[in-house]
Amino acid sequence: MEIFDYDNVLLLPRKCRVESRSECDASVELGPRSFRIPVVPANMKTVVNEPICLWLAQNGYFYVMHRFDLDNVAFVRQMREHGVYASISLGVKKADYDTVNQLAAAGMAPEYVTIDIAHGHSDSVRDMIGHLKAKMPSTFVIAGNVGTPEAVIDLENWGADATKVGIGPGKVCITRMKTGFGTGGWQLSALKWCARVATKPIIADGGIREHGDIAKSVRFGATMVMIGSMLAGHEESPGQTVEVDGKLFKEYYGSASDFNKGEYRHVEGKRILEPVKGRLADTLREMQEDIQSSISYAGGKKLSDVRKVNYVILGGENAGEHLLM
Ligand SMILES: NC(=O)C1=CN([C@@H]2O[C@H](COP(=O)(O)OP(=O)(O)OC[C@H]3O[C@@H](n4cnc5c(N)ncnc54)[C@H](OP(=O)(O)O)[C@@H]3O)[C@@H](O)[C@H]2O)C=CC1
Ligand SMILES: Nc1nc2c(ncn2[C@@H]2O[C@H](COP(=O)(O)O)[C@@H](O)[C@H]2O)c(=O)[nH]1
């Protein structure tokens, strides 16, 4: 198997078919809806909050609300009152089952639910998918996180409508160091490996460090990418603002960090400071422009055209040109 990651792969251009990048359509379908770009901010407490999720929904972006210290039922009700779709995340504990039961009883099934636990290839996820499908059959269920083809196959067979791939590639992740497991350092080739067997959409989660990594993810099989650090640290981002040597930073911490958990037990995440980088809307607009440009370099007009390009691996034992036959 070829092992590579975002920083040692480059995509190869094909003859341009547009006169302007504005002709390139960066939108993507996920379940019942279409979104402006194949990007979703991570469902983390220092990345999204209620106002950001509402703004994303109102402006054509996909969002997944985090699940920490949050009343999911009140959140869905608030989204309904604003006339936008609801997209929440859940764990697999009794409180999460209670949430599903309450939402179903109130007739407030969210359009999207993401089951989000560290080791998503587990019976607990199978059981929660079953419960969601029994109680809210119209809800689009995303399940994860996983990092192998066997896990993708199982989650799909258990009823997931999409899977989330990425164990440990995140910027504030310490799973690799703490456990010796994961896709950190080879997330892009793990994505390729998983995409080979997937019959439903994959959300590539973690490790995106440059806008061009979005197109690379699409090339290797992602329908969408989940991004934490690059979408944290904006003016409107949640989290504490800190001034260091006259420069402003915002905290960004892992969902499995002691900062999120409130105790030091099973810690697999850390806290860092991200330089404050302007408005979130401006970063998302720039991402859209860069994805449009990626599509044009792919010789295409729509996002899926990026899937057709050849690529090179730079350095290492897998180095070389990889041509589609
Ligand atoms: N993508 C990634 O690489 C990772 C992401 N995270 C994120 O951190 C957040 C918290 O995750 P998590 O701790 O799972 O959520 P929860 O604290 O909600 O735990 C979910 C359930 O899974 C169990 N569990 C967690 N890890 C394992 C494991 N390795 N083996 C068996 N059972 C396990 C927990 O039990 P118990 O705690 O008793 O074991 C608990 O019952 C999530 O948002 C998750 O996505 C965390 C780590 C890695
Ligand atoms: N191993 C851990 N992974 C975590 C934790 N909190 C979040 N995450 C994952 O990271 C991505 C975001 O990655 P980034 O590279 O874009 O910053 C997020 O979506 C989760 O899957 C954690 O505490 N430990």
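In the nomenclature of an unreviewed UniProt entry, the protein chain corresponds to GMP reductase from the organism Ramlibacter tataouinensis. As recorded by UniProt, the Catalytic activity (unreviewed entry) comment attached to the protein chain reads in full: "IMP + NH4(+) + NADP(+) = GMP + NADPH + 2 H(+)". Under the Sequence similarities (unreviewed entry) heading, UniProt states for the protein chain: "Belongs to the IMPDH/GMPR family. GuaC type 2 subfamily."

**Student:** Quick one: what's the story with the site of ligand 1, residue by residue and with numbers?
**Tutor:** Of all residues adjacent to ligand 1, which total 19 residues, the nearest are G91, I117, A118, S255 and A256. Class assignment for the residues of the shell around ligand 1 results in six nonpolar, 10 polar and three charged.

**Student:** Lay out the nonpolar core with the relevant residues and their values.
**Tutor:** In terms of nonpolar packing, the biggest core is built from 87 residues, with Y63, I115, L191, I202, I203 and V225 touching the most fellow members. The biggest single contributor to this core is helix α7 (residues 187-195), with six residues. Dropping the residues within four chain positions of it, I203 is found in contact with V40, I142, A162, K164, A222, T223, M224, V225 and M226.

**Student:** Can you break down helix α10 (residues 280-297) residue by residue, with the values?
**Tutor:** When the terminal C-alpha atoms of α10 are compared, their 26 Å separation across 18 residues agrees well with the 26 Å that a helix rising 1.5 Å per residue should span. Listing the buried residues of α10 in full gives L280, L284, M287, I291, Q292, S294, I295 and S296. Contacts made by the buried residues of α10 are with β4 (39-41), α1 (50-58) and α8 (212-219). Just beyond α10, the residue with positive phi is G299, at close to 70°.

**Student:** So what about the UniProt feature "active site" (unreviewed entry) in the protein chain? Which residues, and what values?
**Tutor:** The UniProt feature table records "active site" (unreviewed entry) at C173. Tracing the chain through its elements places C173 in the loop between β8 (162-165) and α6 (175-179). According to the C-beta neighbour criterion, C173 is buried, with 25 such atoms within 10 Å.

**Student:** Give me the packing of helix α2 (residues 72-81) against helix α3 (residues 94-105): which residues, what numbers.
**Tutor:** Their axes nearest at 9 Å, the elements α2 and α3 cross at an angle of 35°. Judged by residue contacts, N72, V73 and V76 of α2 engage T99, Q102 and L103 from α3. Counted by class, the contact of α2 with α3 contains three nonpolar, three polar and no charged residues.

Criteria and thresholds
Residues numbered from 1 in each chain as written. Chains lettered and ligands numbered in written order. Predicted model: local features only at pLDDT ≥ 70, side-chain atom pairs only at ≥ 80, totals over all residues. UniProt positions renumbered as here; feature names shortened; annotations may be inferred. Near = placed C-beta within 6 Å. Nonpolar A, V, L, I, M, F, W, Y, C, P; charged D, E, K, R; others polar. Core = buried A, V, L, I, M, F, W, Y, C linked by C-beta atoms within 7 Å. Buried ≥ 20, exposed ≤ 12 C-beta atoms within 10 Å, placed from the backbone. Helix = DSSP H or I, 4+ residues; strand = E, 2+ residues; numbered from the N terminus. Contact = placed C-beta atoms within 7 Å. Expected span 1.5 Å × (residues − 1). Axes fitted to C-alpha atoms, helices over the stretch in contact; angles between N-to-C directions.

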